[in-house]
Structures are given as C-alpha cells and as structure tokens.
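Topology and contacts: notes
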Amino acid sequence: MQRLVDNALAVTKESVKTFTYESLNNIARLINGVSAFLLTIFLGKANILEGAQGWELRPTFHGPRFPRWMENGVSSFNQFIHKFSVDSETSSTDYSSGEDDLDGIYPASPSSQGSRTSRTITHINRDWDWTDWMAYIFSWILLPVRFLLGIPFRFFRLLNIRRSRACSDPGSPHPRNFHSFRKVHSSKDHVVHRTIDKRRGVIEDLHLAIEIFIEAMFDMFHKAAHCVLSPFAAFRTFGRWFSSPGAGAKDIDDEILNASVPTATLGDKEPAPTERNLTLRHALNTDARTCRDVITEFGYPYEAIRVITADGYVLLLERIPRRDARKAVYLQHGILDSSLGWVSNGVVGSPAFAAFDQGYDVFLGNLRGLVSREHVDRNISSQQYWRYSINEHGTEDIPAMIEKIHEVKTAELKISQPDQETNDEQPYKLCAISHSLGGAAMLMYVVTRRIKEKPHMLSRLVLLSPAGFHDETNFVFTVGHYLCLLLAPLLARLLPALYIPTRFFRMLLNKLVRDFHNYPAVGGLVQTVLSYGFGGDSSNWVGVLGMPHYNMNDMPGLSFRVIHHLAQIKRAGKFRMYDYGSASANMEVYGSPEPLDLGEYYSLIDIPVDLVAGRRDQIISPRMIKRHYKSMKDAGVDVSYNEFDYGHLDFTFSHHEELLAYVMSRLLLVEPVLKRQSSQKALKSNKKRHASS
C-alpha cells in the first residue's frame, strides 16, 4: 500500500510540475509573440531583433581581430588570450561581487591612503522622507512576489544546513569538512569568475519557485501518508527527534559562514595545513560586478584611490596603474554612468584597456551621486546629499581627482626615476577623455581654473558628445525641461534625485533585463519604445540598463539640481553655471548677479581640444557640438571636430574600432615629457655647434 501511494504521488507531482512549467512557458511565449507582432507595427524598427542577443554586458575572450594601432602595443597576456579563446559557456558560474577578496594583491601608491580599498557601501543613518515611506508601502504591496522569488534561496540555504550537519562530526578535532557544501556555493579565493551567463531572470526564478513549492507540498503529502499508513514508524521518528540533544540552531549559520578550510601551500616539502577564513555570499543570481572585477578578470593591475572633496563627498578614483609612465590619461563618465563604461567592451574594444596597452597610466574617475550616499558625514540626509548641480562636478569632483592624480604621479616618479631631471613642476603629461555630462564638467573645470589663475595640469581634452548646449532636444526632453523649471521649488523638496529606491526593485530591474535577453521580441519592443522616447536615438538602451553598476547594492543616481541646471541651460541658450534663483545668491557665489557664461571664457582654454559628435545622437545632436566648436574657434582655441555614425551611448558602451583609433591618435599627439626635453637638449646642442663653428 505504501508503495502504491508513493507511486501515485510521484506521478501526480511530475504531472503538476509539467503542467505548470508548460503553462508558464506558453504564457511567456505568448507575450514574446505579441511583442514581435507589435514590433512589426513600428515602421523601420522590425530589424531591431537582429541585434537583440548582443545586449547583455558579457566580456568574453572571443574578440575581433586586433586593430592596426594595437598590433605592437598590446600586452603579451592579451595576445595569449586573444589567440587561445576560452569558451565561456562551458565554465560559466554565478557571479557575485566580492570586493574584499583582492585586497593586498597590488601595492598601494605612496600618496593614496585608501588605495587598498574598493568601493564600499557606507551604512548611513538616514532620515525617513516621503520616498522611504513610498518604498516601504510598495515593498508590502509586492510582498507575494518577494516571497516567491525568495523561495529558491531559502530552500538552498536549508539544504546546505542539512548537508553541513550530515558532514560534520562534533567529536572530531579536525576542522569541518566543506566539500559537499562547496558543490552548491563556490568561494572566491582571489579568483574572479569570467561570465555571468547563469544569472536568472524573473521568469526563470518563477519556474524555480513553483517547482520548489510543488516539491515541498508533495513532500508534505508524502509524509502525511507515511504517518497514516505507518504510525509506529512515525512515532519512532518523533521520539528520536525529541530525545536527541539540540545543537543550537541559532549558531548554525554563523558556523557555516565562518568555518575554516584547511589549505596547504604548493611546493613546500612538508605542507602543513593552515587555517583560512571562508566567506560565502549569496549572489541572488544577479550581476553585481564592479569596475575592479572586470579589470582584474582580464589580468590587468588595479588600484582604488579614495578621494574626499572639499565639501566632504567620498569619491572612488580607480586606476590601471603603470607607475613609471610619464604619460597618463584620465577618463570621466557621463550622466547615470560610472567608470565601468570605459571597460565594458572587453580587452580590445574598451578605451581604458587600449590606453594602458599603449603605455598610459590610466585613471577612471567616478562623480558623486551614488544611492549609497558616501560622505564623510554618515548622518547626512537625502536632501543634503543630493543638493548639487553640474557646478559641483566641475569645481569640486574633478579638481579633487586631478589633484590626487598629480599627487600620486609626482610621488611615484620621484621614487621610480630619481635620476631623471625635469625642469617642469609636472613631470608627466595628463590627457582627459570625457563623455556627455563629464565633458561639460571638464570644460567647466578648465575654464574656472584659468579664471582663478590655478594650473589645471591637463595637456589635451578629448570630448565625446559633450553636454553644454541644449537648444535642440526632442519633445520628451523639452516637456521635461519646462516642467522642471515650472515646478522646481516643489520638485526639489519632493524628488531630490532620480534613482531606484530599494534593493528589491534594483534586483528586479537586473532580472527583467535578463528576461529581455531571453525573449528577444520583448526586449526589442522595450528597446523600440525607449528609442522613440529618446527622440529616435539608436543607442542600446536596454543593454545599458543591464550594466552591472545598476545592481541591487548600489547604482548611480541623478540629482534634481543637475536636471534643473540642464533645463536652465536650455532656457538660456548658453553654456553657463547654475542659477541659484536670486541676484544676491549669484553675487555671493560668482561675484555677479548672473551666472558665469562659460562660452564667453573659451578664450582662456590653453590646451588642444578634440570634439567628437554622433550623427545618430538625439540626446546631444551634432549641431550642439558644433556650437562648442564654433565658440572655441572664434576664441582662438586649438580645436578639432569629427563625426561618427553613432548614438549617444555608443561612445562608451559599444565596440567601434574607428573611434578607438581616432581617440588614440589624438592622445599620441601629446609628446611625453622626456621626449620633449631630449628634443630641446638636442636643439640646444646643435645651436652650440653652429655657434662654435
């Protein structure tokens, strides 16, 4: 009878699982089919499905051929991995960002106190405002969804606890055996996983949650039937449970997460096991990589430098160090972006790696504006933290990072090359590459430093679709700008910044983007709608939403004052600094009743500037870039202009060989310090010879 009941339950369970699995799959296929039908309605957008599979950030060793300008400059490591491509599909594992695992591998620079630390989330005692209350209410509304998505993780956690109990021997003096546990979880022992192909979307999580729920329900039915059909066996089982001593369930999690694993050093004659703490993280099957993870994954060196601005904001200046190099490049991201954009296209397609392979010391800047609100004042409120405009980016953030670069490079070159004589105060050349809002902040930095008669320490600017002039914008942006100007006092209090407020919603976005990849028609429809919303810009908007810097732990936000500043620039038709709303406030900051018009001070720019525009860019059109070019040309600036057939985000998030070739060719126009000095010495010696003869 027991066997008959077991067989009946097993058949019923598999039937229910198959029915629910196929039902959910059919619903997903229906949604995907409807999306494909809707795509055909949008004229000229049906071909968007062709590139749907390329959305997800997936750095891989299957790269294109090396560009001509990198044939002699690429490192031997990258030549090796490019020649012998690794199939990432066969070795892919779940990825979780472990920021504490690589500490101490790369030595810190002499002048950077925080160079051994990466970005950490500062736990701040926040004051509850209306956004916190709204997030709290929505979290309760979506509690069933959160419960379903959390079932797989609770199940695996319970499974691991049971396995660890079975494998442990309380009477043994040896450390706990962890082999069975590590089959489920993989620890990061200074190893960065190569791919994220196994991260799950919402549909996959629902599949798993439903399957686990069915398993749990039928397991309960099986045990109930067992109790009814075999009551004596059930009583014996209950008796063993109550008679066995409890091990203390409270401490099980801590024992597992803080257990020690015996390890031995290879090469020792008599290797003695040593204790090593093992940290296990739950990845939640989302991509939480940082710029550090991507850089070290490809075998490049990495350094993180903690920078504190004059107004107390904590910034992360990341670096691919080449300490003895006398040429450096500083890359600055744009709006709602981070340093990850400069390394998101792998070894061959990323500007940061290309510059390093050409012999540059590479610095990657990160502007203020993270959801974690990193500040020296840990009790800073949301209103106070987000109270900044483009002014602070150009007059606080960039100066602090460039001064830190100068401090680090000067100290390192004195140590590594003490015999080299330099007559300049700056023994290296620093070029800057900026995109979008970073370009506007960089121009503001150079102009304001020249007005204050302070050195800006830059040798050349390469500006990729820089902000600054916004006379021509699409309908959506135009309406948003005027609403922002009209409702500025109210919105400044109610909406200090734009960002995804809670960890759950950020995780949900990450998983939805994975579903857009799994169901290309749905992703194509979302991409089409976003493209129309941004005026027809052809950038890969869905792919950008799947970038790891939009992860459940943190993400870049957008201050309302930055939006307000851009709206002021559009209304004025000039590239000027933030208007504080009254003549007295502007007089206190600028010394004049009106904000500074930066375009009028372009004549102070004393370094070459290269402007690059995108023909398909509908965020900052080529006409707006030409306004920068015309103003600089009229002011006597050494400026160049070039156009490529790109959208706004293609400058950082897409691999274009011609763009990298152009950018590197502009950087190479700057002579290193030693070459320039040697040429000057040769010229002086020739003059002496001619004079003596």
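Note that this is a predicted model, so its numbers are computed, not measured. (Residues numbered from 1 in each chain as written. Predicted model: local features only at pLDDT ≥ 70, side-chain atom pairs only at ≥ 80, totals over all residues. Heavy atoms only, no water.)

1. What to know about the environment of His470
- Here His470 lies in the loop between strand E8 (460–464) and helix H15 (475–486).
- Note on His470: relative accessible area 8%, which makes it buried.
- Considered as a pair, His470 and Leu566 are 96 residues apart in the sequence and their alpha carbons are 7.7 Å apart.
- Here Gly468 takes part through its backbone nitrogen, which lies 3.3 Å from a polar atom of the side chain of His470. (Helix = DSSP H or I, 4+ residues; strand = E, 2+ residues; numbered from the N terminus. Buried < 20%, exposed > 50% of the residue type's maximum accessible area, 1.4 Å probe, protein only. Polar contact = N/O pair within 3.5 Å; in protein donor to acceptor, adjacent residues only side chain to side chain.)

2. Quick word on the nonpolar core
- Core analysis: the largest hydrophobic core is formed by 114 residues, its most contacted members being Tyr330, Val362, Leu458, Leu461 and Ile605.
- Among the elements that line this core, the one with the most residues is helix H14 (residues 437–451), at 9 residues.
- With residues near it in sequence (within four places) discarded, Ile605 still touches Leu443, Val446, Val447, Met632 and Val637. (Core = buried A, V, L, I, M, F, W, Y, C linked by side-chain atoms within 4.5 Å. Contact = heavy atoms within 4.5 Å.)

3. Brief notes about the environment of Leu512
- In this structure, Leu512 sits in helix H17 (residues 503–518).
- Given the relative accessible area of 32%, Leu512 is considered partly exposed.

4. Some thoughts on the pattern of salt bridges
- Considering all chains together, one arrives at 27 salt bridges under this definition.
- Residue Glu403 is joined to Arg449 by a salt bridge in which the shortest nitrogen-to-oxygen separation is 3.4 Å. Separated by 46 residues along the polypeptide, Glu403 in helix H13 (residues 390–416) and Arg449 in helix H14 bring together distant segments of the chain.
- Classification of Glu403 by relative accessible area gives partly exposed; the value is 39%. (Salt bridge = Lys/Arg side-chain N within 4 Å of Asp/Glu carboxyl O.)

5. Description of the confidence of the model for the protein chain
- Summarising the model, the protein chain shows a mean pLDDT of 75, and 66% of its residues fall at 70 or more.
- Across residues 45–126, where pLDDT falls below 50, the model places 209 contacts with residues more than four positions away in sequence or in other chains.
- Here residues 247–282 is modelled with pLDDT under 50, and outside its nearest four sequence neighbours on either side it reaches 56 contacts, counting other chains as well. (pLDDT = per-residue confidence, 0-100.)

6. A word on a nonpolar patch on the surface
- The grouping of Phe475, Val476, Val479, Leu483, Leu486, Leu487, Leu490 and Leu494 at the surface amounts to a nonpolar patch, some 760 Å² of accessible area in total.
- It is H15 that contributes the most residues to the nonpolar patch, 5 residues altogether.
- Within the element layout of this structure, Val476 appears in helix H15. (Patch = residues over 30% accessible without salt bridge, like charges linked within 9 Å, V, L, I, M, F, W, Y side chains within 5 Å. Areas by Shrake-Rupley, 256 points an atom, 1.4 Å probe, with all protein chains shown as cover.)

7. Observations concerning the side chain of Lys13
- Inspection of the secondary structure puts Lys13 in helix H1 (residues 2–41).
- Excluding residues within four positions of it along the chain, Lys13 makes contact with Ile214, Glu215 and Phe218.

8. A closer look at the packing of H13 against H14
- Close contact between H13 and H14 brings their axes to 8 Å; oriented N to C, the two are set at 75°. Here H13 is positioned roughly perpendicular relative to H14, judged by the angle of their axes. Of the residues in H14, those in contact with Ile390, Asn391, His393, Gly394, Thr395, Ile398, Pro399, Ile402 and Glu403 of H13 are Leu437, Ala441, Met442, Met444, Tyr445, Thr448 and Arg449.
- Class assignment of the residues belonging to the contact of H13 with H14 gives a composition of 9 nonpolar, 5 polar and 2 charged. (Axes fitted to C-alpha atoms, helices over the stretch in contact; angles between N-to-C directions. Parallel < 35°, antiparallel > 145°, perpendicular 65-115°, else oblique. Nonpolar A, V, L, I, M, F, W, Y, C, P; charged D, E, K, R; others polar.)

9. Describing helix H18 (residues 520–533)
- Taking 1.5 Å per residue, 14 residues should reach 20 Å; H18 reaches 20 Å between its end C-alpha atoms and fits that length.
- Those residues of H18 lying buried are Ala521, Val522, Gly523, Gly524, Leu525, Gln527, Thr528 and Ser531.
- Elements in contact with the buried residues of H18: H1, H17 and helix H19 (541–545). (Expected span 1.5 Å × (residues − 1).)

10. What about the packing of helix H6 (residues 202–229) against H17?
- It is at 7 Å that the axes of H6 and H17 come closest, and there the two elements cross at 100°. Taken together, the axes of H6 and H17 are roughly perpendicular relative to one another. Residues Val202, Ile203, Glu204 and Asp205 of H6 form the contact with H17, whose own contacting residues are Leu508, Lys511, Leu512, Arg514, Asp515 and Asn518.
- Grouping the constituent residues of the contact of H6 with H17 by class yields 4 nonpolar, 1 polar and 5 charged.

11. Considering the sheet that holds strand E6 (residues 361–365)
- An order of E3-E4-E6-E5-E7-E8-E11-E12 is seen for the 8 strands of this open sheet, with the pairing classed as mixed. What marks the edges here is a single partner per strand, and that holds for strand E3 (303–308) and strand E12 (639–644). The average angle at which neighbouring strand axes cross in this sheet is 20°, direction not considered.
- Pairing between strand E5 (residues 327–332) and E6: 5 bridges, direction parallel. In the sheet register, Gln332 faces E6, and the bridge partner there is Gly365.
- Contacts from H13 reach E3, strand E4 (314–320), E5, E6 and strand E7 (429–435), with the element oriented near 45° to E4.
- Helix-sheet contacts for H14 involve E5, E7 and E8, and the interaxial angle to E7 is about 135°. (Pairing = 2+ DSSP bridges.)

12. Notes on the pairing of E6
- With 5 of 5 residues buried, E6 lies mostly within the body of the structure.
- Burial of the side chains of E6 extends over both faces: Asp361, Phe363 and Gly365 are buried on one face and Val362 and Leu364 on the other.
- In this sheet, E6 lies alongside E4 in antiparallel orientation, the contact comprising 3 bridges. Of the residues in E6, the one forming a bridge with Arg319 is Phe363.

13. Re the packing of aromatic side chains
- Applying the stated criterion across every chain, the model contains 19 aromatic pairs.
- Between the aromatic rings of Tyr313 and Tyr385, the centroid separation amounts to 5.0 Å while the plane-to-plane angle is 45°, which identifies the pairing as tilted. Within this pair, whereas Tyr313 is found in the loop between E3 and E4, its partner Tyr385 is found in helix H12 (residues 382–385), the two being separated by 72 residues in sequence. Taken individually, Tyr313 and Tyr385 each receive the classification buried, so the pair is uniform in this respect.
- Each ring, one from Tyr629 and one from Tyr641, has its centre 5.8 Å from the other, and the planes form 50°; the classification is tilted. One end of the pair, Tyr629, is in helix H22 (residues 622–634); the other, Tyr641, is in strand E12, with 12 residues separating them in the sequence.
- Taking the relative accessible area as the measure of exposure, Tyr641 reaches 23% and is therefore partly exposed.
- Three or more aromatic residues joined by ring pairs make a cluster, and in this case those are Tyr313, Tyr385, Trp386, Tyr388 and Tyr499.
- If you follow Arg368 out to its NZ or CZ, it ends over the ring of Tyr313, 3.8 Å from the centre. (Phe/Tyr/Trp six-rings, centres within 6.5 Å; stacked < 30°, edge-to-face > 60°. Lys NZ or Arg CZ within 6 Å of the ring centre and 35° of its normal.)

14. A few points about the environment of Asp205
- Assignment of secondary structure puts Asp205 in helix H6.
- By relative accessible area, Asp205 is classed as buried at 0%.
- Separated by 306 residues in sequence, Asp205 and Lys511 have C-alpha atoms that sit 9.0 Å apart.

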